[in-house]
Amino acid sequence: MTNRRTHPKIADLPDDLREQIHKKITEGYTYQEISEWITSAGHPISKSAVGSYGKNYLTKLEKLRLAREQARTIVEEGGDKPATELIEAASSLTQQLILEHLVENQIDLESVRPDRLIQALSMLEKSTVAREKLKLESRRKAETAVKNIEDVAASKGIDPETLRKIKEEIYGILQ
């Protein structure tokens, strides 16, 4: 049985050197060029090690770009929606990212503290419960307001069509 590394050799390099490697990867340097550059800096690393690391890094970079794009879309499309819907969408996106991270790192959780991930999921779940309570409370207040408006409308002789439009506006706020 061979001993395979559980993490890339590049992960052991100093942060500033790794940042330069990331820059070179995103600027399109070949893995051979990056390997030679790292080796000349006193850290011999093979082209295949750089390639494995680079592929993983670019995959994570693409996932991050996609998450940012999804978040931007949520904000742009949700401009006229209640804040609770935006928060709900953001929470769902965050949960998705956390779960993807857990799945991807199921073998090697050295870089992630599982207790932190569990705590984050717990906090998201609590926010979901609080948001649902807020929605329910808002719905009850709206129903009370509609009932009061119906009572006033009946005594003031407001026509049913106007009353229907008022109710649509009130309930539309909650959707």
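What counts, and at which threshold
Residues numbered from 1 in each chain as written. Predicted model: local features only at pLDDT ≥ 70, side-chain atom pairs only at ≥ 80, totals over all residues. Heavy atoms only, no water. Helix = DSSP H or I, 4+ residues; strand = E, 2+ residues; numbered from the N terminus. Buried < 20%, exposed > 50% of the residue type's maximum accessible area, 1.4 Å probe, protein only. Contact = heavy atoms within 4.5 Å. Areas by Shrake-Rupley, 256 points an atom, 1.4 Å probe, with all protein chains shown as cover. Axes fitted to C-alpha atoms, helices over the stretch in contact; angles between N-to-C directions. Parallel < 35°, antiparallel > 145°, perpendicular 65-115°, else oblique. Left-handed = near helix turned anticlockwise from the far one by under 90°. Nonpolar A, V, L, I, M, F, W, Y, C, P; charged D, E, K, R; others polar. pLDDT = per-residue confidence, 0-100. Expected span 1.5 Å × (residues − 1). Arc of directions from axis to C-beta. Phe/Tyr/Trp six-rings, centres within 6.5 Å; stacked < 30°, edge-to-face > 60°. Lys NZ or Arg CZ within 6 Å of the ring centre and 35° of its normal. Salt bridge = Lys/Arg side-chain N within 4 Å of Asp/Glu carboxyl O.

The next point concerns the overall build of the chain. For the chain, the helix and strand inventory stands at six helices and zero strands. Going through the 175 residues of the chain one by one, you find that 19% of them count as buried. At a minimum sequence separation of 6, the contacts of the chain that also span at least 24 residues come to 54%. Carbon and sulfur atoms make up 56% of the accessible area of the chain, which totals about 12800 Å².

Right, let's get into the packing of helix α1 (residues 15-27) against helix α2 (residues 31-40). The N-to-C vectors of α1 and α2 enclose an angle of 160 degrees; their axes lie 10 Å apart at closest approach. With respect to each other, α1 and α2 are oriented roughly antiparallel. The chirality of how α1 crosses α2 is right-handed. Between α1 and α2, the contacting residues are Leu17, Gln20, Ile21, Lys24 and Ile25 on the first element and Ile34, Trp37 and Ile38 on the second. Grouping the amino acids of the contact of α1 with α2 by side-chain chemistry returns six nonpolar, one polar and one charged.

This next bit is on the confidence of the model for the chain. Of the residues in the chain, 77% reach a pLDDT of 70 or more, and the chain-wide mean stands at 77. Model confidence for the chain, summarised as mean pLDDT per element, is weakest for helix α4 (residues 83-104) at 67 and strongest for α2 at 94.

Owing to its 3.6 residues per turn, the α-helix aligns residues three or four sequence positions apart on the same side. Between its terminal C-alpha atoms α1 stretches 18 Å, which fits the 18 Å expected from 13 residues at 1.5 Å a residue. Those residues of α1 not exposed but buried are Leu17, Arg18, Ile21, His22, Lys24 and Ile25. In a view along the axis of α1, the buried residues occupy a sector of 165 degrees, so they form one face of it. The exposed residues of α1 that point more than 90 degrees off its buried face are Glu19 and Lys23. After α1 finishes, the residue Gly28 shows a positive phi value of roughly 95 degrees.

Overall, the coordinates contain zero aromatic pairs when judged by the stated rule. Taking the ring centre of Tyr29 as reference, the NZ or CZ of Lys24 above it sits at 4.3 Å. Over the face of the ring belonging to Trp37 we find Lys24, whose NZ or CZ atom lies 4.8 Å from the ring centre.

Counted by the stated rule, this structure contains five salt bridges. For Arg164, the salt bridge is made with Glu161, and the minimal N-O distance between the two is 2.4 Å. Taken together, the positions of Arg164 and Glu161, both in helix α6 (residues 160-174) and three residues apart, correspond to about one turn of that helix. A relative accessible area of 36% places Glu161 in the partly exposed class.

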